[in-house]
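Chain by chain, the residues:
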Amino acid sequence: LCLGEWRGLVAPVRGALEAAVGRAALPSLCRTETCRMWTLLHLLSIAPLARVGRAEEAGGADVGGDSDAGNGAAFDAMIAFLRRYFTCNSCRKHFLRQVDAGMYN
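1. A short note on the nonpolar core
Generally speaking, a soluble globular protein has its nonpolar side chains buried in company with each other.
Then comes step 1: With ten residues, the main nonpolar core is built from Met-37, Leu-41, Met-78, Ile-79, Leu-82, Phe-86, Cys-91, Phe-95, Leu-96 and Val-99.
Then comes step 2: Per element, the largest residue contribution to this core is four residues, and it comes from helix H4 (residues 89–100).
Then comes step 3: Every residue in contact with Val-99, bar those within four places of it in the chain, is listed here: Phe-75, Ile-79 and Tyr-104.

2. Some thoughts on a nonpolar patch on the surface
Then comes step 1: Among the surface-exposed residues, Leu-3, Trp-6 and Leu-49 lie close enough to one another that they form a single nonpolar patch of about 270 Å² accessible area.
Then comes step 2: Within the element layout of this structure, Trp-6 appears in helix H1 (residues 3–23).
Then comes step 3: Judged by relative accessible area, Trp-6 falls into the partly exposed class, the value being 38%.

3. With respect to the packing of aromatic side chains
Then comes step 1: One pass over the full model with this rule turns up two aromatic pairs.
Then comes step 2: Ring geometry for Phe-75 and Phe-95: centres 6.3 Å apart, planes at 65°, overall edge-to-face. Of this pair, Phe-75 sits in helix H3 (residues 67–85) while Phe-95 is found in helix H4, placing the two residues 20 residues apart along the sequence.
Then comes step 3: Judged by its relative accessible area of 23%, Phe-75 falls in the partly exposed class.
Then comes step 4: Phe-95 gets classed as buried once you look at its relative accessible area, which sits at 4%.
Then comes step 5: Aromatic pair Phe-81 and Tyr-85: ring centres 5.3 Å apart, planes at 40°, arrangement tilted. Taken together, the residues span about one helical turn, with Phe-81 and Tyr-85 both in helix H3 at a distance of four residues.
Then comes step 6: A relative accessible area of 48% means that Tyr-85 is categorised as partly exposed.

Reading the values: the criteria
- Counting of residues starts from 1 at the beginning of each chain's written sequence and follows it residue by residue.
- Where local features are concerned, this predicted model is filtered to residues with pLDDT of at least 70; where side-chain atom pairs are given and counted, the filter is 80 or more; whole-chain, interface and lining totals use all residues.
- The basis for the side-chain values is all heavy atoms of the structure; hydrogens and waters are excluded.
- Buried Ala, Val, Leu, Ile, Met, Phe, Trp, Tyr and Cys residues that are joined via side-chain atoms within 4.5 Å together make up what is termed a nonpolar core.
- Relative accessibility decides the category of a residue: with a 1.4 Å probe and only protein chains considered, values under 20% of the type maximum give buried, values over 50% give exposed, and everything between is partly exposed.
- Only DSSP runs of H or I reaching four residues or more are called helices, and only runs of E reaching two or more are called strands; each is numbered from the N terminus.
- By definition, residues are in contact when any of their heavy atoms lie within 4.5 Å.
- Each patch is built from residues lacking any salt bridge and having more than 30% relative accessible area; the joining distance is 9 Å for like charges and 5 Å for nonpolar side chains (Val, Leu, Ile, Met, Phe, Trp, Tyr).
- Under the convention used here, a 1.4 Å probe and the Shrake-Rupley method define accessible areas, while residue burial counts only the protein chains that appear.
- By salt bridge we mean one thing: a side-chain nitrogen of Lys or Arg within 4 Å of a carboxyl oxygen of Asp or Glu.
- A pair of aromatic rings is counted whenever rings of Phe, Tyr or Trp (Trp by its six-membered ring) have centres within 6.5 Å, and the orientation is called stacked for planes under 30 degrees apart, edge-to-face for over 60 and tilted otherwise.

Below, the structure is given as structure tokens:
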């Protein structure tokens, strides 16, 4: 599946979500710190892609450099944050083991 095809498939869902968020705040399905933490990490990991997509929609404006470098810096910051502040010991150890094993490139 190419990026353009994926964006085409996601566009109607994205439009519906943005319309729903514009009408009222969506309820959070997260009830624990762990769930909120993983949700935050997933959002941070896709933020550069979202910025690129929005810039392309606006006419191809530059979004500020190499997205791979930005992704690497964001992921390094996530690792450092989780290493120090993630209070769920089991989840922190699991995440760091996966990072050390190279599971996230």
